[in-house]
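Descriptive structure summary
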Amino acid sequence: METTRLSSKGQLVLPKAIRDADQWSEGTEFVVERVPEGVLLRPVHPLPVTRLEDVIGCAGFRGPPRSLAAMQQAIAREVKARRGRGRY
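Conventions adopted
- Residues numbered from 1 in each chain as written.
- Predicted model: local features only at pLDDT ≥ 70, side-chain atom pairs only at ≥ 80, totals over all residues.
- Heavy atoms only, no water.
- Helix = DSSP H or I, 4+ residues; strand = E, 2+ residues; numbered from the N terminus.
- Rg over C-alpha atoms; globule rule 2.2 N^0.38 Å.
- Buried < 20%, exposed > 50% of the residue type's maximum accessible area, 1.4 Å probe, protein only.
- Contact = heavy atoms within 4.5 Å.
- Areas by Shrake-Rupley, 256 points an atom, 1.4 Å probe, with all protein chains shown as cover.
- Lys, Arg positive; Asp, Glu negative; His and termini not counted.
- Charge placed at Lys NZ, Arg CZ, Asp CG, Glu CD.
- Pairing = 2+ DSSP bridges.
- Phe/Tyr/Trp six-rings, centres within 6.5 Å; stacked < 30°, edge-to-face > 60°.
- Patch = residues over 30% accessible without salt bridge, like charges linked within 9 Å, V, L, I, M, F, W, Y side chains within 5 Å.
- Salt bridge = Lys/Arg side-chain N within 4 Å of Asp/Glu carboxyl O.
- pLDDT = per-residue confidence, 0-100.

Quick look at the overall build of the protein now. Scanning the protein from terminus to terminus reveals 3 helices and 2 strands. Ordered by position from the N terminus, the helices and strands of the protein form the series α-β-β-α-α. Relative to the 2.2 N^0.38 estimate, which gives 12 Å for 88 residues, the radius of gyration of the protein is 25 Å and therefore markedly larger than a compact globule would have. Taken over 88 residues, the protein has a buried fraction of 1%. Counted over contacts in the protein with a minimum sequence separation of 6, partners at least 24 positions apart contribute 3%. When the accessible area of the protein is evaluated, it comes to approximately 8,800 Å², of which 56% is carbon and sulfur surface. Within the protein, one finds 15 positive and 10 negative side-chain charges whose respective centroids are separated by 17 Å.

Working note: regular strand, side chains alternate between the two faces of the sheet. In terms of strand pairing, strand β1 (residues 30-35) meets strand β2 (residues 38-43) through 6 bridges, oriented antiparallel. Bridging across to β2, Arg34 finds its partner in Val39. Remark: 2 residues form the turn of the hairpin made by β1 and β2, two consecutive strands paired antiparallel.

Before going further, it helps to examine the packing of aromatic side chains. If you walk through the whole model with that rule in mind, you get 1 aromatic pair. With a centroid separation of 5.0 Å and an interplanar angle of 90°, the aromatic rings of Trp24 and Phe30 are classed as edge-to-face. We classify Phe30 as partly exposed; its relative accessible area is 25%.

Time to look at a nonpolar patch on the surface. Together, Val32, Val39 and Leu41 make up a nonpolar patch on the protein surface, roughly 280 Å² of accessible area in all. By secondary structure assignment, the location of Leu41 is in strand β2.

Quick look at the confidence of the model for the protein now. Summarising the model, the protein shows a mean pLDDT of 87, and 98% of its residues fall at 70 or more. Predicted confidence in the protein is weakest over helix α2 (residues 52-55), with a mean pLDDT of 80, and strongest over β1, with 94.

In structure tokens form, the structure reads like this:
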């Protein structure tokens with residue numbers, strides 16, 4: 001068992017043996033949770049990088065491709081229609 005101290009700035013240093021064992025390097029982020037026994041630190045696991053090729057087509061649109069201008073016009077038309085009905 002290793003010990004550490006709280007600094008005057010509220011910082012803790014995790015012992016090197018623990019950092020090395022879990023491969024935690026500078027900048028590793030942790031979730032800090034209060035538990036009955038004290039404080040629990042869990043490393044934040046970032047979401048994996050998403051590539052366009054992995055998700056394209058997941059929305060289920062089956063029609064012809066639309067341009068950005070066409071999409072913006074459709075959005076503007078719908079917003080106008082909803083405002084006319086007293087929404088938004």
